[in-house]
Amino acid sequence: MNPPYIFKAGSLIYEGYSTDNFIYSIRRGMVKLEYVAPNGDNRIIRLLGEGSVIGLELLDTAESYYYNAVAIDQVDLCKIPVSTVKHLEVKYPHMSHNIREQLQRQLNLADEWIFSLSTGTAKQRVAHLVRILHENYADNNGAFILLHRDDMAAIISIATETISRMVAKFKRKNILYKSDGHLYKCDISAIEKIAYSK
């Protein structure tokens, strides 16, 4: 097995539109995939955690990565040559099926993001984001990394100041609270009630 490639929080793993011949398996930590518009604005397209693979577009017809991949916290990755994966897909067809399933899971989550994070009030959108972090990225104790306010704003297209007010409000009501170190937990039933309120 390849030694882990370790990236500190905020480190660029690869740049969008760059060509490379590797995919990366996330062994520990969280990665954001971000699109940078020509005017410099960025939008976080996806968050991926332990057990996910980034750079999967290279296994399809893409000649370069679609987005920037940036470490949210310290990330340990396993770097895998695309040629090795393609060889294994031919030799072990079930592996190809597993990779396609992971791609589909990522697309399904992206669809959920589009639906739940782009509609509703600011309060509902922040609640949906907290719900997604809890459901998809929490550890066995239900604790998850609460993203930086700028990252949250880049995901749900709301001003950073508004995000800060909503997060502070959730903390005051003890709906969102610090667990250990930089990790947070939430009262998921209260979060869902806010997220799905009419």
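Please refer to the structure placed before this passage.
Thresholds, definitions, all that
Residues numbered from 1 in each chain as written. Predicted model: local features only at pLDDT ≥ 70, side-chain atom pairs only at ≥ 80, totals over all residues. Heavy atoms only, no water. Helix = DSSP H or I, 4+ residues; strand = E, 2+ residues; numbered from the N terminus. Buried < 20%, exposed > 50% of the residue type's maximum accessible area, 1.4 Å probe, protein only. Polar contact = N/O pair within 3.5 Å; in protein donor to acceptor, adjacent residues only side chain to side chain. Contact = heavy atoms within 4.5 Å. Phe/Tyr/Trp six-rings, centres within 6.5 Å; stacked < 30°, edge-to-face > 60°. Axes fitted to C-alpha atoms, helices over the stretch in contact; angles between N-to-C directions. Parallel < 35°, antiparallel > 145°, perpendicular 65-115°, else oblique. Left-handed = near helix turned anticlockwise from the far one by under 90°. Pairing = 2+ DSSP bridges. Salt bridge = Lys/Arg side-chain N within 4 Å of Asp/Glu carboxyl O.

### Thoughts on the side chain of Glu34
- Looking at where Glu34 falls in the secondary structure, it is placed in strand β4 (residues 31-36).
- In this structure Glu34 comes out as buried when scored by relative accessible area, which is 11%.
- One polar contact links Glu34 to Asn42, side chain to side chain, over a distance of 2.8 Å.
- Not counting residues up to four positions away in its chain, the partners in contact with Glu34 are Asn42, Arg43, Ile44, Ile45, Tyr67, Asn68 and Val70.

### Some remarks on the packing of aromatic side chains
- All told, the structure shown has three aromatic pairs when counted by the stated rule.
- On the numbers, 6.0 Å between centres and 25° between planes, the contact of Tyr14 with Tyr24 is stacked. Of this pair, Tyr14 sits in strand β2 (residues 12-14) while Tyr24 sits in strand β3 (residues 22-28), and the two are 10 residues apart along the sequence.
- The class of Tyr14 is buried, set by a relative accessible area of 4%.
- By the ring-pair criterion, three or more aromatic residues cluster together here, those being Tyr14, Tyr24 and Tyr65.

### A word on the packing of helix α3 (residues 122-137) against helix α5 (residues 160-172)
- With their axes 10 Å apart at the nearest point, α3 and α5 run at an angle of 70° to one another. As summarised for this structure, α3 and α5 are arranged roughly perpendicular, according to the angle between their axes. Both α3 and α5 take part in a crossing whose hand is right-handed. Only Thr162, Ile163, Met166, Val167, Lys169 and Phe170 of α5 make contact with α3, whose side of the interface consists of Ala122, Lys123, Val126 and Ala127.

### Description of the packing of helix α2 (residues 93-116) against α3
- Across the interface, α2 lies against α3 with an axial gap of 10 Å and an inter-helix angle of 160°. As far as their axial angle goes, α3 and α2 are roughly antiparallel. Helix-helix and strand crossings are classified by hand; for α2 and α3 the assignment is right-handed. Across from Leu109, Glu112, Trp113 and Ser116 in α2, the residues of α3 making contact are Arg125, His128, Arg131, Ile132, Asn136 and Tyr137.

### Side note on the sheet that holds β4
- The sheet built from four strands is open, its strands ordered β2-β7-β4-β5 with antiparallel pairing. Each having just a single partner strand, β2 and β5 (42-48) make up the two edges of the open sheet. When strand polarity is set aside, the average angle formed by the axes of neighbouring strands in this sheet is 35°.
- Two elements, β2 and strand β7 (residues 68-71), share two bridges in a ladder whose sense is antiparallel. Opposite Leu12, over in β7, you have Val70 as the bridge partner.
- Running at roughly 100° to β5, helix α4 (residues 149-156) makes contact with β4 and β5 of the sheet.

### Some points on the pattern of salt bridges
- Across all of its chains, the model carries four salt bridges by this definition.
- Measuring nitrogen to oxygen at the nearest pair gives 2.6 Å for the salt bridge that ties Lys32 to Asp151. Pair noted here: Lys32 is in strand β4 and Asp151 is in helix α4, with a separation of 119 residues, a long-range link.
- Here Asp151 falls in the buried class, since its relative accessible area comes to 9%.
- Among the charged side chains, a network of salt bridges with common partners joins Lys32, Glu34 and Asp151.

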